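As a plain string of letters, each chain reads:
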2 protein chains.
Amino acid sequence: MSTPKGYRFAAIEANLKYAGRRDLALLVSDLPAAAAGVFTTNKFQAAPVVMASSMLQNRPFARAVLINAGSANACTGEQGLANCRRTLELVGDAAGVAPEDILPASTGVIGMQFDMAKWEAAAAPLAADLGSSTAEDFARTIMTTDSFHKLVTRTVEIDGAPVSLLAVAKGAGMICPNMATMLAMFITDAAIDPAMWQSMFREGVDASFNRVTVDGDTSTNDTVFGLANGASGVTVTEATRSVMQEAVTAVMREIAYMLVQDGEGATKVIHINVTGAHSNADAELAARTVGHSPLVKTAMYGRDANWGRIVAALGRSGAAFDADDVVVTMCGVELFRNGQPTDADFDTLLEPYLKERDIVLDIELGHGKGSYTLLASDLTHGYIDINADYRS
Amino acid sequence: MSTPKGYRFAAIEANLKYAGRRDLALLVSDLPAAAAGVFTTNKFQAAPVVMASSMLQNRPFARAVLINAGSANACTGEQGLANCRRTLELVGDAAGVAPEDILPASTGVIGMQFDMAKWEAAAAPLAADLGSSTAEDFARTIMTTDSFHKLVTRTVEIDGAPVSLLAVAKGAGMICPNMATMLAMFITDAAIDPAMWQSMFREGVDASFNRVTVDGDTSTNDTVFGLANGASGVTVTEATRSVMQEAVTAVMREIAYMLVQDGEGATKVIHINVTGAHSNADAELAARTVGHSPLVKTAMYGRDANWGRIVAALGRSGAAFDADDVVVTMCGVELFRNGQPTDADFDTLLEPYLKERDIVLDIELGHGKGSYTLLASDLTHGYIDINADYRS
């Protein structure tokens, strides 16, 4: 694993909510890094989202990212904002980083105020741990209902010299358009102009995190941070931008796939490819309606090629098409054409495919050139188990 | 139970799909009845929906309703339409009713063609049964995944004389805005001008069936029929319209409540009252986003006053409001105000209420005068059980 240069990780047990596991993580860059952020579009924005987005609007640089699990610091009012600010001061003082250079993110229960005594006790051990913990420790620390940690690295050559990229993320439930409860941090040791970095970052997010869904719910805390600190000594220019963009998007897509794979209780990753739509927006509408349909999602869980539920979802999606022009294909087997099921013995044909984790669903609307791809999880007993008893 | 005059019921085992249970039901009115229908808005409309809606567009009268369970005759193309037409001929011939006076509806698996031999064998026994079966038999016969039959009757005085109303319905999954897989039949022995009847009927449907949701999915077959045959000898006029409207809407609301109560796997009926919205449409948007949120629905199943998920759903709903103005109250206990949770010890306060079937959720957006009420079910293991293995 090639970790980008010039970053140190810390991860400790701060006992903020969970006992017996690490729940507080810090990343520090030795150099000031060009910084980008994408945040939830939910009207209820958690305190760290309010803080971090305003920080990045003022100044597109940062040196650190601070993430806690257990409490989301969302719907916590002025007190929540003051607490968030205070955690940055505490950790900044201990780690020798200016508070305004630390980007905060939180995940966990909504509406709980931080226990500040625990934060005060945690700051020094957290700073002391810098450099001892690994990116994997960081990734494990920010987990909530995740069943595995998410970490992806990649090396790419820019003008013949290597630069490294690394992403960590947590997610599982509430994964949806515009990001949902997902925290991700993406770092590289390339040097990139902040405006270019932000644009590349946004493009990557749109092509990855914004194209996955678990349950259609979006959270108050969704955040993706990106830091580019230049410690490799390699600068990305307009000439090499496309190479870097490709790597950024590829890493983000790998992470996004993991988020769906680890969707709460999920057993499937459904790849919904809509083509032939009137517009890309219409294709997205169709893909999301199918990807959010509880009946489609339970059918996939039940390994049932129930195309009827797919077309029923398409039919209520609001996307423009003529019912007779729609073609639905699952794992390469055409199920539906000319307004009715095909003659294929698809239950037999699809049986082996439906046991696999990845299910490819191709939907041609026959109405234009718009297209969209969405990754969706299935809906299972595991999802109910997790979410009917989350707080306790 | 006071059944409206001038109607006969039939219900038999036609063995269309299920063995050992009745699956084919017929209602015949002795007199031509003013007829109304409301149908699914899904782009994929089942053959009986196409047929019945075109029949009613041509002529707002009917004498019979024919409903089968087991096969939806949806996504069955020209053959499906021809089969539907043929079933009306077969049953019409046997029962002595013109085929164009019989309104068809079907429920069950999508994409299967009717086994016409079974229909040919069934027509005579079905006609022979007319008058032997009851409305309750009819209600039981049209069930699919329903756990109980839905039947409501009421008597109302019009100008001092009694008229009767009766409604039967099936539903359970796919209950959503614009009706979902729900078949309902509403009959009265009042005499009502067809235009007035259709308008009253539509008003009742909008205030009842269109305000319930189970899973947000809508089907290819949703149909509500209404017949008013005048057999009571009592005519509803403009002067008595409001009395009749009140009764119609009340009966429809009772049926709609039953549909949510019997939502697939449901243990709760969540009454979501949104007030203070910019418009009624905004209130509906907020109510539906909350009522469709898997996280809210699983929390209700888990008897968890997880207001955080409610505000997260509001925040992504697209409804206009200021986060600080929102007040969320559950079963009379205020949970959220001024952008944060209240001081109430709501877990303790709500514990007894959350064990009840009915959960009242009042959401004040503080942004205008728009309001909307939606009944929603919870999301449970039962839902997954039913839908992960429906076809087999």
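Residues numbered from 1 in each chain as written. Chains lettered and ligands numbered in written order. Predicted model: local features only at pLDDT ≥ 70, side-chain atom pairs only at ≥ 80, totals over all residues.

Undergrad: Before we move on, could you go through the overall build of chain A and cite the residues and values that matter?
TA: From N to C terminus, chain A includes eleven helices and 15 strands. The C-alpha radius of gyration computed for chain A amounts to 22 Å, which stays within 12% of the reference 21 Å derived for 392 residues, consistent with globular compactness. C-alpha atoms of chain A, sized along the principal axes, occupy 70 × 55 × 35 Å. Out of the 392 residues belonging to chain A, those deemed buried represent 61%. Here the contacts in chain A between residues at least 6 apart in sequence split such that 81% fall between residues at least 24 apart. (Helix = DSSP H or I, 4+ residues; strand = E, 2+ residues; numbered from the N terminus. Rg over C-alpha atoms; globule rule 2.2 N^0.38 Å. Buried ≥ 20, exposed ≤ 12 C-beta atoms within 10 Å, placed from the backbone. Contact = placed C-beta atoms within 7 Å.)

Undergrad: Let's hear about the packing of helix α7 (residues 280-292) of chain A against helix α9 (residues 307-316) of chain A: which residues, and what values?
TA: Residues and elements named next belong to chain A. Packing of α7 against α9 leaves a shortest axis separation of 8 Å and a crossing angle of 135 degrees. Of the possible angle classes, the one that applies to α7 and α9 is oblique. In the packing of α7 onto α9, the handedness of the crossing is right-handed. Side by side, α7 and α9 meet where Ala-286, Thr-289 and Val-290 of the first sit next to Ile-310, Ala-313, Leu-314 and Arg-316 of the second. Of the residues that constitute the contact of α7 with α9, the class distribution is five nonpolar, one polar and one charged. (Axes fitted to C-alpha atoms, helices over the stretch in contact; angles between N-to-C directions. Parallel < 35°, antiparallel > 145°, perpendicular 65-115°, else oblique. Left-handed = near helix turned anticlockwise from the far one by under 90°. Nonpolar A, V, L, I, M, F, W, Y, C, P; charged D, E, K, R; others polar.)

Undergrad: Go over the nonpolar core, please, and point to the residues and values.
TA: In terms of nonpolar packing, the biggest core is built from 282 residues, with Ala-167 of chain A together with Ala-167 of chain B touching the most fellow members. When residues no more than four places from it in sequence are discounted, the contact partners of Ala-167 of chain B are Val-152, Ala-184, Met-185, Phe-186, Val-251, Met-252 and Ile-255 of chain B. (Core = buried A, V, L, I, M, F, W, Y, C linked by C-beta atoms within 7 Å.)

Undergrad: Residue-level account of helix α2 (residues 77-95) of chain B, with values.
TA: Residue and element names in this part refer to chain B. For α2, which comprises 19 residues, the first-to-last C-alpha distance of 27 Å matches the rise-based estimate of 27 Å (1.5 Å per residue) to within 8%. Looking only at α2, the buried set comprises Gly-80, Cys-84, Thr-87, Leu-88, Leu-90, Val-91, Gly-92 and Ala-95. Residues of α2 that are buried make contact with β2 (24-39), α1 (47-58), β3 (61-71), β4 (102-109) and α3 (116-129). Remark: Gly-96 follows α2 within two positions and exhibits a positive phi of approximately 70 degrees. (Expected span 1.5 Å × (residues − 1).)

Undergrad: Please give an account of the relation of the copies chain A and chain B that cites residues and values.
TA: Least-squares fitting of chain A to chain B yields an RMSD of 0.0 Å, with the transformation described by 0.0 Å of translation along the axis and a rotation of 180 degrees. In the structure described here, the two chain copies are related by an operation that fits a two-fold rotation axis. Closest to the rotation axis within chain A is the C-alpha of His-381 of chain A, separated from it by 2.9 Å. A symmetric contact is evident, with 100% of the interface residues of chain A recurring at the interface of chain B. (Least-squares fit on C-alpha atoms with pLDDT ≥ 70 in both.)

Undergrad: Got a sec to walk through the environment of Leu-66 of chain B? Specific residues and values, please.
TA: Residue and element names in this part refer to chain B. Looking at the element boundaries, Leu-66 is found in strand β3. In the structure, Leu-66 is positioned 56 residues away from Ala-10 in sequence and 9.5 Å away in space, judged by C-alpha atoms. Those residues in contact with Leu-66 that sit more than four places away from it in its chain are Leu-26, Thr-87, Leu-88, Val-91, Ile-102 and Pro-104.

Undergrad: Account for the interface of chain A and chain B, naming residues and giving values.
TA: Between chain A and chain B, the residue contacts involve 46 residues of the former and 47 residues of the latter. Of all elements in the fold, only α8 (294-301), α9, β13 (340-341) and α11 (381-387) of chain A reach the threshold of two or more residues within the side of chain A that touches chain B. With seven residues, α9 of chain A is the single largest residue contributor to the side of chain A that touches chain B.

Undergrad: Can you break down the sheet that holds strand β15 (residues 370-377) of chain B residue by residue, with the values?
TA: Residues and elements named next belong to chain B. Judged by pairing direction, the sheet is mixed, and its seven strands sit side by side in the order β8-β15-β10-β14-β11-β12-β13 without closing on themselves. For this open sheet the edge positions go to β8 (212-213) and β13 (340-341), each flanked by a neighbour on one side alone. With two bridges joining them, β8 and β15 adopt parallel strand pairing. Across the sheet, the residue bridging to Thr-213 is Ala-376, located in β15. Along the sheet, helix α10 (residues 346-354) makes contact with β11 (327-330), β12 (333-337) and β14 (358-364), crossing β12 at roughly 130 degrees. (Pairing = 2+ DSSP bridges.)

Undergrad: I'd like a rundown of the environment of Phe-138 of chain B, residues and numbers included.
TA: Residues and elements named next belong to chain B. Here Phe-138 lies in helix α4 (residues 135-141). Since 24 C-beta atoms lie within 10 Å of it, Phe-138 is described here as buried. Contact partners of Phe-138, with chain neighbours within four places excluded, come to Phe-9, Ala-11, Ala-25, Leu-27, Ser-133 and Val-168.

Undergrad: Lay out the environment of Arg-59 of chain B in plain terms, naming residues and giving numbers.
TA: Residue and element names in this part refer to chain B. Following the sequence through the fold, Arg-59 ends up in the loop between α1 and β3. Exposure remark for Arg-59: the 12 C-beta atoms within 10 Å place this residue in the exposed category. Residues Arg-59 and Thr-40, spaced 19 residues apart in sequence, show a C-alpha to C-alpha distance of 20 Å.

Undergrad: Mind laying out the sheet that holds strand β8 (residues 212-213) of chain A, listing which residues take part and the relevant values?
TA: Residues and elements named next belong to chain A. Within the open sheet, the seven strands sit side by side as β8-β15-β10-β14-β11-β12-β13. Their pairing is mixed. Each end of this open sheet is capped by a strand with a single partner; those strands are β8 and β13. Each of β8, β10 (269-277), β14 (358-364) and β15 (370-377) is contacted by α7, which is oriented at about 20 degrees to β15, the strand it contacts most.

Undergrad: Pulling in residues and values, what's your account of unusual backbone geometry?
TA: Residues and elements named next belong to chain A. At Cys-75, a residue that is not glycine, the phi angle is positive and equals roughly 55 degrees. Mapped onto the elements of the fold, Cys-75 is located in the loop between β3 (61-71) and α2 (77-95). Look at Asn-338: it is not a glycine, yet its phi comes out positive at around 55 degrees. As for its placement among the helices and strands, Asn-338 is situated in the loop between β12 (333-337) and β13. Judged by local crowding, Asn-338 falls into the partly exposed class, with 14 C-beta atoms found within 10 Å.

Undergrad: Quick one: what's the story with the domain arrangement of chain A, residue by residue and with numbers?
TA: Residue and element names in this part refer to chain A. Per the domain assignment, the segments of chain A are domain 1 (7-261) and domain 2 (269-387). Taken over C-alpha atoms, the centre of domain 1 sits 33 Å from the centre of domain 2. On the domain 2 side, the residues contacting the twelve residues of domain 1 number eleven residues. Of all the secondary structure elements, the ones that give two or more residues to the side of domain 1 that touches domain 2 are β8 and α6 (241-261). The element best represented in the side of domain 1 that touches domain 2 is α6, accounting for four residues. (Domains from an automatic or database assignment.)

Undergrad: Before we move on, can you summarise the pairing of strand β5 (residues 150-158) of chain A with the specific residues and values?
TA: Summarising the sheet, β5 of chain A and strand β6 (residues 161-170) of chain A pair through nine bridges and their orientation is antiparallel. Each residue of the ladder has a partner; that of Val-156 of chain A, found in β6 of chain A, is Val-163 of chain A.

Undergrad: Any chance you could break down the confidence of the model for chain A for me, citing the residues and the numbers?
TA: All names here are of chain A. Taken over all residues, the pLDDT of chain A has a mean of 92, while the share at 70 or more is 95%. For chain A, the element scoring lowest by mean pLDDT is β8, at 80; strand β1 (residues 7-12) scores highest, at 98. Quick note on the complex model: pTM equals 0.86, ipTM equals 0.83. (pLDDT = per-residue confidence, 0-100.)

Undergrad: Go over the pairing of strand β6 (residues 161-170) of chain B with me, naming the residues and quoting the values.
TA: Residues and elements named next belong to chain B. The element β6 is largely enclosed, with a buried count of eight among its ten residues. Linking strand β5 (residues 150-158) back to β6 in an antiparallel pair, the connection comprises two residues, with Asp-159 at a positive phi of about 50 degrees. For β6 and strand β7 (residues 183-188), the ladder comprises six bridges, and the chain directions are antiparallel. Opposite Leu-165, over in β7, you have Thr-188 as the bridge partner.

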